[in-house]
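For reference, the chains in residue letters:
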Amino acid sequence: MILEKEFEDLFLNVSSRAALSSYRYVGKNDKKAADKAAVDSMRDQLNKINIKGEIVIGEGELDEAPMLYIGEKVGTNKGPELDIAVDPLEGTNFAANNLPGALAVIAVSKKSHLFKAPETYMDKISVNFSEPNVVDLDFSTKKNIFNLAEFKNKKPNELTACILDRPRHKKIIEELKRLNVKIKLISDGDISGALLVTDPKYCVDIFLGIGGGPEGVLAASALDAFGCNFQCKFLFETKKDIERAKLMGIDDLNKKYQLNEIVSGDSIFCATGVTTGDLVSGIVIEGNEFISETLITHKSTGLKKLVKTKQII
Ligand code: VTB
């Protein structure tokens, strides 16, 4: 199920306009306002596109989010049926505090080709090659690092691992230190973290650890276009999480998912910088125009590049 090429520009416009909208709140110490601006903008732009879209990853369930909630229909209701995953403002703290790395993110596939991920944590791992059994979510950190070092013909101390700085990662981080691996600790923003494996210029060999499930599905779309490996497991902590998962059709709560079970077939991914970070640069305003930078990927056309655009505000 191939997505038409014309959607590339249309979705790039959606993420760049959302980035512009939250840019207005950068450094205003108001996470909610920055997020709302991106959400409103994304919804407005999506509703102009000739698609029958359904939000499969969004701001939460209907009872938690008034807009871009899971199941919301977007688009003009003419055109192809699409699954749409959004994180209108990934890194709300970054935007609120004027720190690097805030992004507006969207991923799109034909209907039923993006995993409807529950709003739970996800254990994830990504590397920049598709060879199986080198790294695996079920292997120990030590085994993954040794295998990766052997595969890349490097020593463990020449490898860099990216992981969210959270107490839950204490054991992994200690093990990485013991192995003398370089650690890139990120405070938030694990979509970007996972994508740092896609290009040697970012100097990250492996991304691992527990972050948001929705962020995992979004990252998987771009990782797929780059031919990277990605595996994940959802973590269900509360009774409510488990009930929701069952309602969503997840029977095996401990299942390890491969990339092609999370994103099956073609997808388009766009991440536009709100503030300048590792992946993309942030919004720049010039008079009545704005310059944005977007990492865009489209699996079927082989598109995977950083695109700078100058648009009228
Ligand atoms: C990550 C990260 C997000 O949440 O998914 C993380 O990508 C996971 O949640 O930017 P915790 O903060 O609870 O660890 C964010 O940091 C914020 O949504």
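Since we're looking at a predicted model, the values are computed, not measured. (Residues numbered from 1 in each chain as written. Predicted model: local features only at pLDDT ≥ 70, side-chain atom pairs only at ≥ 80, totals over all residues. Heavy atoms only, no water.)

Caption draft 1: Region of the structure containing the pattern of salt bridges. All chains considered together, the criterion is met by 21 salt bridges. A salt bridge links lysine 124 to aspartate 190; its shortest N-O distance comes to 2.8 Å. Placement of lysine 124 in strand 5 (residues 121-127) and of aspartate 190 in helix 6 (residues 190-195) is noted, with a sequence separation of 66 residues between them. Exposure remark for lysine 124: the relative accessible area of 2% places this residue in the buried category. With a shortest N-O distance of 3.4 Å, lysine 299 and aspartate 224 are connected by a salt bridge. With a gap of 75 residues between them, lysine 299 in the loop between strand 13 (289-298) and strand 14 (303-312) and aspartate 224 in helix 7 (residues 213-225) connect regions that are remote in the sequence. When its relative accessible area of 38% is taken as the criterion, lysine 299 is described as partly exposed. Salt bridges linked by common partners bring Asp136, Asp138, Lys233 and Lys256 together as one network. (Salt bridge = Lys/Arg side-chain N within 4 Å of Asp/Glu carboxyl O. Helix = DSSP H or I, 4+ residues; strand = E, 2+ residues; numbered from the N terminus. Buried < 20%, exposed > 50% of the residue type's maximum accessible area, 1.4 Å probe, protein only.)

Caption draft 2: Structural detail: helix 5 (residues 170-178). If you check which residues of helix 5 are buried, you get Ile172, Ile173, Glu175 and Leu176. End-on, the buried residues of helix 5 take up no more than an arc of 160°, which puts them together on one face. Facing away from the buried surface of helix 5 by more than 90 degrees, the exposed residues are Lys170, Lys171, Lys177 and Arg178. Residues of helix 5 that are buried make contact with helix 4 (141-152), strand 6 (160-164), strand 7 (182-186) and strand 8 (206-212). Directly after helix 5, the chain includes asparagine 180, whose backbone phi takes a positive value near 70°. (Arc of directions from axis to C-beta. Contact = heavy atoms within 4.5 Å.)

Caption draft 3: Main features of the environment of serine 221. Tracing the backbone through its elements, the reader meets serine 221 in helix 7. For the pair formed by serine 221 and histidine 298, sequence separation is 77 residues and the distance between their alpha carbons is 8.8 Å. Those residues within four positions of serine 221 in sequence are excluded, and the remaining contacts are Ala107, Val263, Ser267, Ile268, Phe269 and Thr297. Within the local environment of serine 221, its side chain forms a polar contact with the side chain of serine 267, the two groups lying 2.9 Å apart. (Polar contact = N/O pair within 3.5 Å; in protein donor to acceptor, adjacent residues only side chain to side chain.)

Caption draft 4: Spotlight on the layout of surface pockets. Taken as a whole, the largest pocket holds about 780 Å³ of empty space. Lining of the largest pocket is provided by 28 residues; of these, Asp87, Glu90, Glu119, Gly212 and Glu215 occupy positions nearest its centre. Looking at the lining of the largest pocket, the elements with two or more residues in it are strand 3 (81-90), helix 3 (92-96), strand 8 and helix 7. With four residues, the top contributor of residues to the lining of the largest pocket is strand 3. Residues belonging to the lining of the largest pocket are distributed by class as follows: seven nonpolar, nine polar and 12 charged. Two domains each provide a minimum of three residues to the lining of the largest pocket, namely domain 1 (7-113 + 266-312) and domain 2 (121-262). (1 Å grid on protein atoms, 1.4 Å probe; cavity = no way out; pocket = protein on both sides within 12 Å on 5 of 7 lines; lining within 4 Å. Points joined across faces, edges and corners; volume = space filled by probe spheres on them. Nonpolar A, V, L, I, M, F, W, Y, C, P; charged D, E, K, R; others polar. Domains from an automatic or database assignment.)

Caption draft 5: Expanded view of the sheet that holds strand 8. Taken in spatial order, the six strands make up an open sheet running 7-6-8-5-9-10, and their pairing is mixed. Only two strands of the sheet have a single neighbouring strand rather than two, namely strand 7 and strand 10 (257-258). Taken together, the six bridges between strand 5 and strand 8 define a ladder with antiparallel strand orientation. Residue pairing across strands places serine 126 opposite phenylalanine 207, the latter belonging to strand 8. Relative to strand 7, helix 5 is tilted by about 150°, and along the sheet it contacts strand 6, strand 7 and strand 8. Relative to strand 5, helix 7 is tilted by about 20°, and along the sheet it contacts strand 5, strand 8 and strand 9 (229-235). (Pairing = 2+ DSSP bridges. Axes fitted to C-alpha atoms, helices over the stretch in contact; angles between N-to-C directions.)

Caption draft 6: The site of the ligand, seen in detail. In the neighbourhood of the ligand, the contacting residues comprise Glu90, Tyr121, Leu164, Arg166, Arg168, Asp188, Gly189, Asp190, Gly211, Gly212 and Glu215. One nitrogen or oxygen atom from the main chain of aspartate 190 is found 2.6 Å from an oxygen atom belonging to the ligand. Glycine 212 places a main-chain nitrogen or oxygen 2.9 Å from an oxygen atom of the ligand. Contact with the protein chains covers 74% of the free accessible surface of the ligand, which is 410 Å². One can see that the ligand is located within the largest pocket. Among the residues forming the shell around the ligand, the class breakdown is two nonpolar, three polar and six charged. (Near = heavy atom within 4 Å. Areas by Shrake-Rupley, 256 points an atom, 1.4 Å probe, with all protein chains shown as cover. Sits in = over half its atoms within 2 Å of the grid points.)

In short, geometric facts, not functional conclusions.
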